[in-house]
Amino acid sequence: VDHDIQEISCDKDEGIKFDRYLITKREPTKDAQPEKMAVVISSEGLLDLVSPLGFALAAALAGISVSIFFQGPGVHVLRKDFEGSLPGWKAPFSRFARKGMAKMGHVTPQEKLEQLMQLGAHIYVCHPSMEVFKVAEKDLVRSDITRCEYTRFLMEMRHASVHIYT
């Protein structure tokens, strides 16, 4: 087992009971084969981010090396002021979706990203996409995010045993 789980039960003011778990990472065993996961995120949609970031977080907690490449509209996820939204005509209802997800125990995409970075995930952003979608370097959540193009991240993908695309 690569992590410890401690159960923490919480009651919300709204009367909804849910379980929250605090998971702490362990160091992988010496005889374990190094595994790698490569994730490509091309969407900034609130619901489109739940699974890939969740899988990446689970992998990082399991001791798997995680690399995430944000490209296209997905570069907006790395902005300091990012709040996920629903697509198209559903956009005005995004606030309700964010509140509902929080009630169910989902943390925000920004919180998942911070957890991933604390666990050692490598975060890459497509520099040309930053220009196209007008995301300045000063707007990024952290200054240590690697700016690159597809060819650089392709090297990460070649060595990964698990690939996720959104």
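Shown above is the structure to which this text applies.
Residues numbered from 1 in each chain as written. Predicted model: local features only at pLDDT ≥ 70, side-chain atom pairs only at ≥ 80, totals over all residues. Heavy atoms only, no water.

J.: Give a description of the overall build of the protein chain that names residues and reports values.
T.: Helices and strands together make up the secondary structure of the protein chain, namely five helices and seven strands. Tracing the protein chain from N to C terminus, the helices and strands come up as β-β-β-α-β-α-α-β-α-β-α-β. Counting across all 166 residues of the protein chain, residues that qualify as buried make up 36%. Partitioning the intrachain contacts of the protein chain with sequence separation of at least 6 by distance along the chain shows that 68% fall at a separation of at least 24. If you sum the accessible surface of the protein chain, you get close to 10,100 Å²; carbon and sulfur atoms cover 55% of it. (Helix = DSSP H or I, 4+ residues; strand = E, 2+ residues; numbered from the N terminus. Buried < 20%, exposed > 50% of the residue type's maximum accessible area, 1.4 Å probe, protein only. Contact = heavy atoms within 4.5 Å. Areas by Shrake-Rupley, 256 points an atom, 1.4 Å probe, with all protein chains shown as cover.)

J.: So what's going on with the sheet that holds strand E5 (residues 122-126)? Residues and values would help.
T.: As summarised here, the arrangement of the five strands in space is E6-E5-E4-E3-E7, forming an open sheet in which the pairing is parallel. With partners counted over all chains shown, the strands left at the sheet margins are strand E6 (146-148) and strand E7 (162-165), one partner each. Averaged over neighbouring strand pairs, the angle between their axes works out to 20° when direction is ignored. Both strand E3 (residues 36-41) and E7 contribute to a ladder of four bridges, which runs parallel. (Pairing = 2+ DSSP bridges. Axes fitted to C-alpha atoms, helices over the stretch in contact; angles between N-to-C directions.)

J.: Before we move on, could you go through unusual backbone geometry and cite the residues and values that matter?
T.: Phi at Lys 134 takes a positive value of approximately 55°, unusual for a residue other than glycine. Examined against the element boundaries, Lys 134 turns out to sit in the loop between helix H4 (127-132) and E6.

J.: Explain helix H1 (residues 46-61) residue by residue, including any values.
T.: Note that an α-helix has 3.6 residues per turn; residues three or four places apart therefore point the same way. The end-to-end C-alpha distance of H1 is 23 Å, a good match for the 22 Å that 16 residues give at a rise of 1.5 Å each. Among the residues making up H1, those that are buried are Leu 46, Leu 49, Pro 52, Leu 53, Ala 56, Leu 57, Ala 59, Ala 60 and Leu 61. Backbone geometry just after H1 places Gly 63 at a positive phi near 90°. (Expected span 1.5 Å × (residues − 1).)

J.: Pulling in residues and values, what's your account of a nonpolar patch on the surface?
T.: A contiguous nonpolar patch, built from Trp 89, Phe 93 and Phe 96 and spanning about 420 Å² of accessible area, is present on the exposed surface. Within the fold, Trp 89 resides in the loop between strand E4 (65-70) and helix H2 (94-103). In this structure Trp 89 comes out as exposed when scored by relative accessible area, which is 67%. (Patch = residues over 30% accessible without salt bridge, like charges linked within 9 Å, V, L, I, M, F, W, Y side chains within 5 Å. Salt bridge = Lys/Arg side-chain N within 4 Å of Asp/Glu carboxyl O.)

J.: Could you give an account of the pairing of E3, with specific residues and numbers?
T.: Here E3 lies mainly inside the structure; five of its six residues are buried. Sheet analysis places E3 next to E4, joined by six bridges and oriented parallel. Directly across from Met 37, in E4, lies its bridge partner Val 66. Crossover E3 to E4 through H1 is right-handed. (Right-handed = clockwise from strand over helix to strand, strands pointing away.)

J.: Describe the nonpolar core, with residues and values.
T.: Counting residues in hydrophobic clusters, the biggest one holds 29 residues, and the most contacted among them are Ile 68 and Ile 123. Elements represented by at least two residues in this core include exactly E3, H1, E4, helix H3 (109-118) and E5. Of all the elements, H1 adds the most residues to this core, at seven residues. Ranked by size, the runner-up nonpolar core spans nine residues in total, among them Ala 38, Val 40, Tyr 124 and Cys 148. (Core = buried A, V, L, I, M, F, W, Y, C linked by side-chain atoms within 4.5 Å.)

J.: Please set out the pattern of salt bridges residue by residue, giving values where relevant.
T.: Any two side chains of opposite charge can pair, on the condition that their charged atoms come close. Tallying each qualifying case throughout the model produces eight salt bridges. Note that Arg 79 and Asp 139 form a salt bridge whose closest N and O atoms lie 3.8 Å from each other. Highlighted residues: Arg 79 in the loop between E4 and H2 and Asp 139 in the loop between H4 and E6, separated in sequence by 60 residues. An identical accessibility class is assigned to Arg 79 and Asp 139; each is buried. Its salt-bridge partner being Glu 137, residue Arg 147 comes within 3.2 Å of it at the nearest N-O pair.

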